[in-house]
Amino acid sequence: MPTPQQSRRALALLSDEAAAVANDLSLRLTGSPEAQRAALLETVPGVIDYYAVGAGTLAADFYDERRQLANVKQAYATEVIVLDRTVKIRRAIAWAAQPLFGPMAVTLQLRLSEVVQPEVARAYRDTVLENRRRDPATAGWRRVTGVCCKFCRMLGDKGAIYKRDTAQFAAHPHCDCGAEPVFQGEAIGPEANNFQYLGSKRRRTPAEKQALRDWLEAEYPD
Ligand SMILES: [Zn+2]
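Residues numbered from 1 in each chain as written. Predicted model: local features only at pLDDT ≥ 70, side-chain atom pairs only at ≥ 80, totals over all residues. Heavy atoms only, no water.

## Considering the pattern of salt bridges
Here is step 1 of the chain: For the structure shown, the criterion picks out 11 salt bridges.
Here is step 2 of the chain: Among the ionic pairs, glutamate 180 bridges to arginine 66, the shortest N-O distance being 2.7 Å. With glutamate 180 in strand E3 (residues 178-183) and arginine 66 in helix H2 (residues 33-69), this pair connects stretches of sequence that are 114 residues apart.
Here is step 3 of the chain: On the basis of relative accessible area, glutamate 180 is assigned to the buried category, the value being 5%.
Here is step 4 of the chain: Residue arginine 66 is classed as buried on the basis of its relative accessible area, which comes to 7%.
Here is step 5 of the chain: Residue arginine 134 pairs with glutamate 79 through a salt bridge whose shortest N-O separation is 3.3 Å. Highlighted residues: arginine 134 in helix H4 (residues 108-134) and glutamate 79 in the loop between H2 and helix H3 (86-96), separated in sequence by 55 residues.
Here is step 6 of the chain: Under the relative-accessibility criterion, arginine 134 is labelled partly exposed at 39%.
Here is step 7 of the chain: Each member of the salt-bridge network shares a partner with another, and the members are Arg66, Arg142, Glu180 and Glu186. (Salt bridge = Lys/Arg side-chain N within 4 Å of Asp/Glu carboxyl O. Helix = DSSP H or I, 4+ residues; strand = E, 2+ residues; numbered from the N terminus. Buried < 20%, exposed > 50% of the residue type's maximum accessible area, 1.4 Å probe, protein only.)

What follows is the structure, given as structure tokens:
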């Protein structure tokens, strides 16, 4: 049975591989910038979808194994969750293609990897978080951090359990963090504190952003 860290590392490999495949595609582009952008819009969504399904499957398997390990007796059918993000993905690919149209400090490859990697990782986290939401046997979810930034470290600190359905999985490009369900009856860590919930909100007011920055600086020095 893979540990949460092993599952997280498998996700990191998968999402990196997806970015490498998109990178390969981009290096074989020919023709005008418009034609190259059209080719990217034609091919990259398929790459993302293929690896997102893989990441979602990885997460669903991990979810089931965690459930088994927690000795949950109640039946539940875990589902792979890959949300329809067609519009957002197309917009992001068009953004990634901008360097084709003139001199820019960033490269197409850099931007493509910033689009592809998070989209693949998202399917893993969506699968864990959505099943956790639907499954009556869960107590919450926990962030499994890799070698990441201090923001991620703060969000996963003390094995904090996120119980509120409003808590999003905050992530940045090339964030390797995973998610793990936690079940009722398990010896679990503390519930996420106010700052951890604040960092998991979709939108923050300027005052909230400032409070979060101050907290990070005080509690998580470089
Ligand atoms: Zn991270």
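## Observations concerning the packing of helix H1 (residues 4-27) against H4
The angle between the axes and the distance between the axes are what describe a pair of packed helices.
Here is step 1 of the chain: As a packed pair, H1 and H4 sit with axes 8 Å apart at the nearest point and diverge in direction by 145°. When the axes of H1 and H4 are compared, the crossing they make is right-handed. Within the contact between the two elements, H1 uses Ser7, Arg8, Leu11, Ser15, Asp16, Ala18, Ala19, Ala22, Asn23, Ser26 and Leu27 and H4 uses Leu108, Gln109, Leu112, Ser113, Val116, Gln117, Val120, Ala121 and Tyr124.
Here is step 2 of the chain: Of the residues contributing to the contact of H1 with H4, the split by class is 11 nonpolar, 7 polar and 2 charged. (Axes fitted to C-alpha atoms, helices over the stretch in contact; angles between N-to-C directions. Left-handed = near helix turned anticlockwise from the far one by under 90°. Contact = heavy atoms within 4.5 Å. Nonpolar A, V, L, I, M, F, W, Y, C, P; charged D, E, K, R; others polar.)

## A word on the packing of aromatic side chains
Here is step 1 of the chain: Within this structure, the stated rule accounts for 7 aromatic pairs.
Here is step 2 of the chain: Look at tyrosine 162 and tyrosine 197: their rings are 5.6 Å apart centre to centre, the planes differ by 85°, and that puts the pair in the edge-to-face class. Taken together, the residues tyrosine 162 in strand E2 (residues 161-162) and tyrosine 197 in helix H6 (residues 194-199) connect sequence positions 35 residues apart. Judged on exposure class, the residue tyrosine 162 and its partner tyrosine 197 are both buried.
Here is step 3 of the chain: Pairing phenylalanine 195 with tryptophan 215 gives two aromatic rings, centres 4.3 Å apart and planes at 5°, and the pair type is stacked. With a gap of 20 residues between them, phenylalanine 195 in helix H6 and tryptophan 215 in helix H7 (residues 206-219) connect regions that are remote in the sequence. (Phe/Tyr/Trp six-rings, centres within 6.5 Å; stacked < 30°, edge-to-face > 60°.)

## Section: the sheet that holds strand E1 (residues 138-144)
In a beta sheet, neighbouring strands pair by backbone hydrogen bonds and run either parallel or antiparallel.
Here is step 1 of the chain: The strand order E2-E1-E3 describes an open sheet built from 3 strands, whose pairing is antiparallel. Single-partner strands in this sheet number two, and they are E2 and E3.
Here is step 2 of the chain: Here E1 runs beside E2; their pairing, made up of 2 bridges, is antiparallel. From the neighbouring strand, arginine 142 faces E2, where its bridge partner is isoleucine 161.
Here is step 3 of the chain: Against the sheet, H4 engages E1, E2 and E3, with an angle of about 15° to E3. (Pairing = 2+ DSSP bridges.)

## Some thoughts on H3
Here is step 1 of the chain: Three or more residues of H3 are buried, namely Ile89, Ile93 and Ala96. What you see down the axis of H3 is that its buried residues fit within an arc of 60°, all on one side. Relative to its buried face, H3 has exposed residues pointing more than 90 degrees away, namely Val87 and Arg91.
Here is step 2 of the chain: For H3, the elements touching its buried residues are H2 and H4. (Arc of directions from axis to C-beta.)

## Some thoughts on the side chain of arginine 132
Here is step 1 of the chain: By the secondary structure assignment, arginine 132 is in helix H4.
Here is step 2 of the chain: Here arginine 132 occupies a buried position and makes no salt bridge, while the nearest side chain of opposite charge, aspartate 165, is found at 4.0 Å.
Here is step 3 of the chain: Among all residues touching arginine 132, those that are not within four sequence positions of it are Tyr63, Thr138, Ala139, Gly140, Trp141, Tyr162, Lys163 and Asp165. (Lys, Arg positive; Asp, Glu negative; His and termini not counted.)

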